[in-house]
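Examining the three-dimensional arrangement
Below are the chains, spelled out letter by letter.
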Amino acid sequence: MSQLTAVDANFLNIEGGTTVAHIGGVAILDTTLCPGGRLTLDEMIELVRERAYLAKPIRQRLVEVPFGIDLPYWIDDPDFDPALHVHEVTLPCPGDERQLGEEVARLHESPLDRSRPLWEMCLVHGLAGGRTAVYVKVHHAAIDGVLAAETLAALLDLSPEPRALPAPKEEEPERAPGVLTMLGTGVLKNVMHPMRSTRAFVRTAPYLDEIPGLGQYPGMDWVSRALQTVLRVDTKRTHRVPRLSPPPTPFNGTISAHRGFAYGSLPLEEIKWIRQNLGGSVNDVVMALCATALRRWLIEHDALPDQPLVAGVPVSLRQNSGETCEDGGNRLAVMIAPLATHVADPGERFDAVRNSMRAVKRRFVASSGGWLQEVSSMMPAPIAGMATRLALQFAPNSILRTVNLIVSNVPGPQIPLYLRGAQVLGYYPLSVISDSTGGLNITVFSYNGNIDVGVTACPDLVPDVWKVIAYMGEALDELKTLAGS
């Protein structure tokens, strides 16, 4: 049994009529090696049943504390049944990419049932070329992007033949704490909360200018420097970053309950070649590709701002922690980075993106990027949910806009993986959009020599989401030319 952190609970609190807070992905499979050239629903249900013990998020459900006085708990679901979570659909002919994108977007719109473990899987038949797709979604309260990849890996193998599985541990099922225990713990935490909140504020105060929505206000940089002096923070390690104010764009507004989804792949070898010739990191190249693609989309819609867009860039804190999919929860921070969409020259645009990412990373390392955890824990559980929902009601207002969009880069394995004998040809991620973070989310996942790109959007704000994918390809060609290809 474990309890949600304040960050985990935020993903529950932001859900409402138009916002769902699960992340997911769609895997394209070559099923030619499967018996009969096909994966069946029964096979997928049995696979989950066999391997659920390898990943807690698959088998655990929420237990709410009475009156919301404390954060919810995760416990093993005594009634866990994979058949309630795994479904199938068949696309009509011809089963092309756009049809799959529309079906996956439809599946991604619907919220998860909180009375059961917070995940679903759908087997999608009828793809062109005899392929099959598997769409999976898991609530962000249970896992972050890196952990989502690890959880999915519990169902995968390194060859068409299934791997030998470790023997499950002999453990008693985890039970929910009693009502009186939960209430007593919750009361004690609320009594102690002012002390914890004060400590969190002291740790966060020197970096107020990093927090989205606060950092854009005039004078916040001066306030942060003053607090660093008062609190004796090592200012030599604290790198200054420019004040970032997200400009208005067509994809910043009130989102609808509907979703659009487009996907594609870019060769990782070409991205690495660009990095070697132009400098920077693979992530810098990815951010530059996004900047160019967004610039072209904004120009086409006659909506290009004369200042950079502001992107929220999630960063995993798991790299050296040794945590696995058994640990659960979110271990992430967010960097706030400018995207030089306003720069016309391709070379200058790339240099601007690379240099701004370098400055943002240095500041992130200096501050440990802990503001998300600290800010989330400042508010006691009984009012955190109400305050979050109230803030989101005003998020589309330009005064409270935090970022223009989210751009996320999740590392993945560079070897082929298999699902019940079917080779995974590509894995395209989907993520969260909201009024406060924008109606557009670009997430990339590196897998087996490719950068697999998934673009999630509100179709009312971004009706032509496939153009973003097309512009990513054109941006790659532009950078290849710039690098001397």
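Residues numbered from 1 in each chain as written. Predicted model: local features only at pLDDT ≥ 70, side-chain atom pairs only at ≥ 80, totals over all residues. Heavy atoms only, no water.

**Some thoughts on the pattern of salt bridges**
Across all of its chains, the model carries 18 salt bridges by this definition. Here aspartate 157 ties to arginine 163 by a salt bridge, and the two come within 3.3 Å at their closest N and O atoms. Residue class for arginine 163 comes out partly exposed when judged on its relative accessible area of 34%. In this structure, the salt-bridge partner of lysine 467 is glutamate 300, at a minimum N-O distance of 2.4 Å. With a gap of 167 residues between them, lysine 467 in helix H13 (residues 465-482) and glutamate 300 in helix H9 (residues 282-300) connect regions that are remote in the sequence. What you see here is one network of salt bridges that share partners, running through Arg296, Arg349, Glu474 and Glu478. (Salt bridge = Lys/Arg side-chain N within 4 Å of Asp/Glu carboxyl O. Buried < 20%, exposed > 50% of the residue type's maximum accessible area, 1.4 Å probe, protein only. Helix = DSSP H or I, 4+ residues; strand = E, 2+ residues; numbered from the N terminus.)

**Focus on the sheet that holds strand S15 (residues 450-457)**
In space, the 6 strands of this open sheet follow the order S8-S15-S14-S11-S9-S10, with mixed pairing throughout. Of all the strands in the sheet, just strand S8 (260-267) and strand S10 (332-339) have a single pairing partner and so form its edges. Ignoring which end each strand starts from, the neighbouring axes of this sheet average 20° apart. Sheet topology note: the strand S14 (residues 440-447)/S15 ladder contains 8 bridges and is antiparallel. Within S15, the residue paired with asparagine 441 across the bridge is threonine 456. This element, helix H4 (residues 97-109), spans S8 and S15 of the sheet and lies at about 125° to S8. Lying over the sheet, H13 contacts S8, S14 and S15, oriented at roughly 15° with respect to S8. (Pairing = 2+ DSSP bridges. Axes fitted to C-alpha atoms, helices over the stretch in contact; angles between N-to-C directions. Contact = heavy atoms within 4.5 Å.)

**Examining the pairing of strand S6 (residues 119-125)**
In terms of burial, S6 is a largely internal element, 6 of the 7 residues being buried. Of the pairings in the sheet, the one linking strand S5 (residues 86-90) to S6 comprises 5 bridges and is parallel in character. Paired with valine 86 across the bridge in S6 is methionine 121. A crossover connection joins S5 to the parallel S6 through H4; in handedness this β-α-β unit is right-handed. (Right-handed = clockwise from strand over helix to strand, strands pointing away.)

**Concerning the sheet that holds S5**
The 6 strands lie next to each other as S5-S6-S7-S2-S13-S12, forming an open sheet whose pairing is mixed. Each end of this open sheet is capped by a strand with a single partner; those strands are S5 and strand S12 (418-419). Inspection of the sheet shows S6 paired to strand S7 (residues 132-139) by 6 bridges, in the antiparallel sense. Residue pairing in the sheet places tryptophan 119 in a bridge with valine 138 of S7. Along the sheet, H4 makes contact with strand S2 (22-30), S5, S6, S7 and strand S13 (422-430), crossing S2 at roughly 150°.

**Quick word on the nonpolar core**
If you look at the biggest cluster of nonpolar residues, it comprises 73 residues, and the most contacted ones within it are Leu100, Phe251, Leu289, Leu339, Leu405 and Val453. Per-element tally for this core: the top contributor is H9, with 11 residues. When sequence neighbours within four positions are dropped, the list of residues in contact with phenylalanine 251 reads Leu294, Trp297, Leu298, Leu309, Asn404, Leu405, Gly438, Gly439, Leu440, Leu461 and Val462. One finds Leu62, Ala154, Ala422 and Val432 within the second-largest nonpolar core, a separate group that totals 48 residues. (Core = buried A, V, L, I, M, F, W, Y, C linked by side-chain atoms within 4.5 Å.)

**What about the packing of helix H8 (residues 268-278) against H13?**
Direction vectors running N to C along H8 and H13 enclose 40°, while the axes themselves pass 9 Å from each other. For the element pair H8 / H13, the angle class is oblique. The handedness of the crossing between H8 and H13 comes out as left-handed. Across from Glu270, Ile271, Trp273, Ile274 and Leu278 in H8, the residues of H13 making contact are Leu476, Leu479, Lys480 and Leu482. A class-by-class count of the residues in the contact of H8 with H13 yields 7 nonpolar, no polar and 2 charged. (Parallel < 35°, antiparallel > 145°, perpendicular 65-115°, else oblique. Left-handed = near helix turned anticlockwise from the far one by under 90°. Nonpolar A, V, L, I, M, F, W, Y, C, P; charged D, E, K, R; others polar.)

**Considerations on the side chain of histidine 108**
In this fold, histidine 108 is placed in helix H4. You can call histidine 108 buried: its relative accessible area is 1%. From its side chain, histidine 108 meets the backbone oxygen of serine 431 in a polar contact 3.2 Å long. If we skip the residues at most four places from it in the chain, histidine 108 touches Val20, His22, Ile23, Gly24, Tyr135, Leu430, Ser431 and Thr456. (Polar contact = N/O pair within 3.5 Å; in protein donor to acceptor, adjacent residues only side chain to side chain.)

**Focus: unusual backbone geometry**
The residue after cysteine 93, namely proline 94, is reached through a cis peptide bond having omega 10°. On the secondary structure map, proline 94 appears in the loop between S5 and H4. For phenylalanine 67, which is not glycine, the phi dihedral falls at a positive 65°. Exposure remark for phenylalanine 67: the relative accessible area of 78% places this residue in the exposed category. At arginine 420, a residue that is not glycine, the phi angle is positive and equals roughly 55°. Summarising the element assignment, arginine 420 is placed in the loop between S12 and S13.

**Quick look at helix H1 (residues 6-13)**
Owing to its 3.6 residues per turn, the α-helix brings residues three or four apart onto one side. Across the 8 residues of H1, 7 count as buried, placing the element largely inside the fold. Along H1, the residues that are buried comprise Ala6, Val7, Asp8, Ala9, Phe11, Leu12 and Asn13.

**Let's talk about the packing of H8 against H9**
Describing two packed helices takes the angle between their axes plus the distance from one axis to the other. Closest axis-to-axis distance for the H8/H9 pair is 9 Å, and the angle between their directions is 100°. Classed by the angle they form, the pair H8 and H9 counts as roughly perpendicular. Contacts between H8 and H9 involve Leu268, Ile271, Lys272, Ile274 and Arg275 on the former and, on the latter, Val282, Val285 and Leu289. Residue composition of the contact of H8 with H9, grouped by class: 6 nonpolar, no polar and 2 charged.

**Topic: the pairing of S10**
For S10, the buried fraction is high: 8 of the 8 residues fall into the buried class. Neither face of S10 is left uncovered, since the one carrying Leu332, Val334, Ile336 and Pro338 and the one carrying Ala333, Met335, Ala337 and Leu339 both have all their residues buried. Taken together, the 8 bridges between strand S9 (residues 309-316) and S10 define a ladder with antiparallel strand orientation. If you follow proline 314 over to S10, its bridge partner there is valine 334.

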